[in-house]
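An overview of the molecular structure
Now for the letters of each chain:
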Amino acid sequence: MKVAEARKLLGVGPDASPGTIKKAFRHLAMLWHPDRNPAPGAGEFFARLSTACDYLLERAAAHGAAGKAAPRGEDRRQDIALEIERLCLGGEAEVVLESRRECAECGGAGHVESGHSQLCASCQGSGRVRHGRALFRCEACDGRGYTRRAPCPHCKGTGEAVVRRVLTVDVPPGVLPGDELRLEGEGYPAADKGRPGDLRLRIQLQPHPLYTLDGGDLVLERPVSVFTLLGGGTVTVPSPTGLHYLELRPGVGEARERSIPGAGIPARGKRPAGDLRVRFVPVLPAVQTPALAGLYRAIQAEIDRAGQDCMPELTAWEKCWLQGL
Ligand SMILES: [Zn+2]
Ligand SMILES: [Zn+2]
């Protein structure tokens with residue numbers, strides 16, 4: 001059970017004292033204890049309340065011992081790039097936290113004493129270094145020109161070591177770029193005995209070869225045969241949660257975008273679910289056969305015979321650029 005979930009179940013805030021937690025639990029227990037409430041699921045819910053209460057009390061005991069006045073560590077902020085699939089479905093994601101510590105090999109000095117003397121790299125053995133016009137005694141070798149000091153091979157002379165920690169993060173479905181995931185206690189350590197700060201992960205989007213995001217809407221381009229767009233038919237559309245089927249009625253090919261309500265990023269909190277927006281890209285045949293060529297000519301002849309203005313854009317163009325020549 002997570003802290004946030006336990007607090008939500010009992011309806012208590014982060015600063016609730018053990019007394020407040022117990023009081024909140026007693027009040028809810030009166031409503032949900034299976035001896036009092038015959039509703040199906042009441043017993044199960046009571047058990048969850050009980051777990052939440054125990055969990056929060058144990059936490060309060062552990063943290064309370066540190067004293068309320070101990071200052072909390074600083075929050076740590078970092079970005080986490082997630083795929084669109086993760087925003088839709090939720091699940092686990094990994095984040096690498098890097099911290100710089102003093103190099104343990106050289107104690108942070110950046111250099112170690114080597115077994116044999118070598119030419120001082122700072123003064124090239126002269127014992128002196130030039131600053132402007134003046135010469136000064138070389139500090140790296142104390143003016144000797146030779147030194148036993150060598151750059152620490154572990155930290156390459158920086159005196160710092162980079163420590164990497166990999167954390168697994170639970171991503172709930174329905175998060176969007178710019179949202180923040182907060183991992184309690186994973187921030188910077190506190191001075192004294194205070195509890196560490198939180199890790200606040202700002203969500204960023206990894207580019208996807210098929211989908212783009214517009215708010216909570218998923219947008220994708222779907223190539224469709226121009227004859228299906230004109231004549232109608234079923235078009236299959238992928239989404240991170242599965243396939244969708246769009247029925248196209250015979251039309252004039254102008255409805256180039258269709259929405260599937262609620263099939264975008266799922267709802268989260270007060271935010272409603274987004275849509276899946278499908279943009280049709282008309283595709284013309286790349287291969288010609290005599291039979292197809294005959295059919296195309298027959299279609300054009302039928303359009304000419306219809307006597308109406310079937311292609312107003314074409315008519316307007318010809319009127320503008322061909323007449324009077
Ligand atoms: Zn070192
Ligand atoms: Zn030197």
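Everything numeric here is computed off the predicted structure, so don't read it as measured data.

The rules we used
Residues numbered from 1 in each chain as written. Chains lettered and ligands numbered in written order. Predicted model: local features only at pLDDT ≥ 70, side-chain atom pairs only at ≥ 80, totals over all residues. Heavy atoms only, no water. Helix = DSSP H or I, 4+ residues; strand = E, 2+ residues; numbered from the N terminus. Rg over C-alpha atoms; globule rule 2.2 N^0.38 Å. Buried < 20%, exposed > 50% of the residue type's maximum accessible area, 1.4 Å probe, protein only. Contact = heavy atoms within 4.5 Å. Areas by Shrake-Rupley, 256 points an atom, 1.4 Å probe, with all protein chains shown as cover. Lys, Arg positive; Asp, Glu negative; His and termini not counted. Charge placed at Lys NZ, Arg CZ, Asp CG, Glu CD. Donors = N, O, S within 2.8 Å, 3.2 Å for Na, K, Ca; no water. Tetrahedral: all angles 85-135°; square planar, octahedral: opposite > 155°, others 65-115°. Salt bridge = Lys/Arg side-chain N within 4 Å of Asp/Glu carboxyl O. Pairing = 2+ DSSP bridges. Axes fitted to C-alpha atoms, helices over the stretch in contact; angles between N-to-C directions. Core = buried A, V, L, I, M, F, W, Y, C linked by side-chain atoms within 4.5 Å. Domains from an automatic or database assignment.

Topic: the overall build of the protein
A tally of regular secondary structure across the protein gives seven helices and 15 strands. For a compact globule of 325 residues, the expected C-alpha radius of gyration is about 20 Å, and the protein comes in at 35 Å, more than 25% above that figure. Its C-alpha atoms give the protein principal-axis dimensions of about 100 × 85 × 35 Å. For the protein, the proportion of its 325 residues judged to be buried stands at 27%. Across the protein, contacts joining residues at least 24 apart in sequence account for 61% of those joining residues at least 6 apart. For the protein, the computed accessible surface area is about 21,500 Å², with 53% contributed by carbon and sulfur atoms. In the protein, 43 positive and 39 negative side-chain charges are present, and the distance between their average locations comes to 7 Å.

Quick look at the coordination of the zinc ion (ligand 1)
The zinc ion (ligand 1) binds to the protein through Cys 103 (SG), Cys 106 (SG), Cys 152 (SG) and Cys 155 (SG); the donor distances cover 2.3 to 2.4 Å. Each of the four donor atoms around the zinc ion (ligand 1) contributes to a set of angles spanning 102 to 116 degrees, which defines the coordination as tetrahedral. Along the chain, the residues that donate to the zinc ion (ligand 1) are spaced as C-x2-C-x45-C-x2-C. The same class applies to Cys 152 as to Cys 155, namely buried.

Let's talk about the pattern of salt bridges
Between side chains of opposite charge, a pair can form when the charged atoms approach closely. As enumerated under the stated definition, the model contains 20 salt bridges in all. Note that Arg 165 and Glu 186 form a salt bridge whose closest N and O atoms lie 3.2 Å from each other. With Arg 165 in strand S7 (residues 160–171) and Glu 186 in the loop between strand S8 (180–183) and strand S9 (199–205), this pair connects stretches of sequence that are 21 residues apart. Judged by its relative accessible area of 38%, Arg 165 is partly exposed. Classification of Glu 186 as partly exposed rests on a relative accessible area of 24%. The salt bridge involving Glu 180 is made with Arg 200; its shortest N-O contact spans 3.0 Å. Here Glu 180 is found in strand S8, whereas its partner Arg 200 is found in strand S9, with 20 residues between them in sequence. Given a relative accessible area of 16%, Arg 200 falls into the buried group. Linked by salt bridges that have partners in common, Arg 72, Asp 75, Glu 180, Arg 182, Arg 195, Asp 198 and Arg 200 make up one network.

Quick notes on the sheet that holds strand S11 (residues 217–225)
In space, the four strands of this open sheet follow the order S10-S11-S15-S14, with mixed pairing throughout. Both outer strands of the open sheet, strand S10 (211–214) and strand S14 (257–260), are each paired with one neighbouring strand and no more. Each strand of the sheet is rotated relative to its neighbour by a mean of 30 degrees, with strand direction disregarded. One ladder, built from four bridges, connects S10 with S11; its direction is antiparallel. Looking at S11, one finds that Asp 214 is bridged to Asp 217.

Section: the nonpolar core
One recurring pattern in soluble globular proteins is that nonpolar side chains are buried together. Ranked by internal contacts, the top residues of the largest apolar core, which has 33 residues, are Ile 80, Leu 201, Leu 276 and Phe 280. Two domains each put at least three residues into this core: domain 2 (76–95 + 162–205) and domain 4 (211–318). With residues near it in sequence (within four places) discarded, Leu 201 still touches Gln 78, Ile 80, Val 95, Val 169, Asp 179, Glu 180, Leu 181 and Leu 183. Grouped together as the second largest cluster of nonpolar side chains are 15 residues, Ile 21, Ala 29, Cys 53 and Leu 56 included.

Comments concerning the coordination of the zinc ion (ligand 2)
The coordination sphere of the zinc ion (ligand 2) contains the protein donors Cys 120 (SG), Cys 123 (SG), Cys 138 (SG) and Cys 141 (SG), at a distance range of 2.2 to 2.4 Å. Coordination at the zinc ion (ligand 2) is tetrahedral: its four donor atoms span angles of 102 to 115 degrees at the metal. Mapped onto the sequence, the residues coordinating the zinc ion (ligand 2) show the spacing C-x2-C-x14-C-x2-C. On the criterion of sequence distance, the pair formed by Cys 120 in the loop between strand S3 (111–119) and strand S4 (128–131) and Cys 138 in the loop between strand S5 (134–137) and strand S6 (146–151) is long-range, its members being 18 residues apart. Of the two residues, Cys 120 and Cys 138, neither departs from the other in class, the shared state being buried.

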